[in-house]
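Coordinate inspection notes
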Amino acid sequence: MNSTMQQELRSICPEKPVYLARVGGTETARRHARREHPSEKIRLLVTGSGSAALSEEEMRAYPEGASSLRKGPELLLPIADRLDSAHYAFVFIGPDWQPYSTALRERGFTVIDPGLVADPLQYRYFGEGDIYLMLSRLEGGPLPLLETMGLGLWPICTPTGIAPDIIRHGQN
């Protein structure tokens, strides 16, 4: 988070303390992010795990499809079904997205899916995105939301984690 974002967050939520923490993020990402795959399509970036599991207790409570309750990957295909594959592509960063990559390719979408990559390589793929999709139902942050917004990607997010505090509908 840079000082500009810190000031913006303070103006949005003046009652909440906002601290500047140097943890890499956009400053690190900017050096590595770049577009390497040629395409004029609008690219939707998805990060995390395609099968992010819940705790054992949560899995006992939701034995069928427990992982989807957390990260929302089951929302991807219904979103894709509303898009024109001639104009949109998907970029996945993280493990276990292969079933979604395959399904999207079968629907005619271009898909970039490097799988799980080591830090700072994931930032290289941030540069491949135009829109960041954060479909989670449970988040502590997410840090990629701040990182991708700092790189200029437009966020499309569920109202979880810090998203409701920093995203203004129709503005950012």
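Data block above holds the structure.
Residues numbered from 1 in each chain as written. Predicted model: local features only at pLDDT ≥ 70, side-chain atom pairs only at ≥ 80, totals over all residues. Heavy atoms only, no water.

Attention shifts here to the sheet that holds strand S1 (residues 42-47). What the five strands build is an open sheet, ordered S3-S2-S1-S4-S5; its pairing is parallel. Looking at which strands have only one partner, the edges of the open sheet turn out to be strand S3 (110-115) and strand S5 (154-157). Across the sheet, the mean angle separating the axes of adjacent strands is 20° when strand polarity is ignored. Direction of pairing for S1 relative to strand S2 (residues 88-93): parallel, over a ladder of six bridges. Among the inter-strand pairings, Leu-44 is bridged to a residue of S2, identified as Phe-90. Here helix H6 (residues 98-106) sits on the sheet and contacts S2 and S3; the angle it forms with S3, its principal contact strand, is near 165°. (Pairing = 2+ DSSP bridges. Helix = DSSP H or I, 4+ residues; strand = E, 2+ residues; numbered from the N terminus. Axes fitted to C-alpha atoms, helices over the stretch in contact; angles between N-to-C directions. Contact = heavy atoms within 4.5 Å.)

This part takes up the packing of aromatic side chains. Scanning all chains against the criterion turns up five aromatic pairs. Summarising the aromatic geometry, the rings of Phe-92 and Trp-97 are spaced 5.0 Å apart at their centres and angled 20° between planes, so their arrangement reads as stacked. Side by side, Phe-92 and Trp-97 carry an identical accessibility label, which is buried. Taken together, the ring pairs in this structure connect Phe-90, Phe-92, Trp-97, Tyr-100 and Phe-109 into an aromatic cluster. (Phe/Tyr/Trp six-rings, centres within 6.5 Å; stacked < 30°, edge-to-face > 60°. Buried < 20%, exposed > 50% of the residue type's maximum accessible area, 1.4 Å probe, protein only.)

Counted by the stated rule, this structure contains two salt bridges. Two residues, Glu-128 and Arg-43, come together in a salt bridge whose shortest N-O distance is 2.2 Å. Taken together, the residues Glu-128 in the loop between helix H7 (121-126) and strand S4 (131-134) and Arg-43 in strand S1 connect sequence positions 85 residues apart. Judged by relative accessible area, which is 1%, Glu-128 ranks as buried. Overall, Arg-43 belongs to the buried group, its relative accessible area being 2%. Taking the shortest distance from any N to any O, the salt bridge between Asp-81 and Arg-107 comes out at 2.7 Å. (Salt bridge = Lys/Arg side-chain N within 4 Å of Asp/Glu carboxyl O.)

To continue, consider the pairing of S1. Successive side chains on a regular strand alternate, one facing one side of the sheet and the next facing the other. In terms of burial, S1 is largely enclosed, as five of its six residues are buried. With three bridges connecting them, S1 and S4 associate as parallel partners. Across the sheet, residue Leu-45 finds its bridge partner in S4, namely Tyr-132.

Glancing now at unusual backbone geometry. A positive phi angle, close to 70°, is found at Asp-96, a residue other than glycine. In this fold, Asp-96 is placed in the loop between S2 and H6. Judged by its relative accessible area of 36%, Asp-96 is partly exposed.

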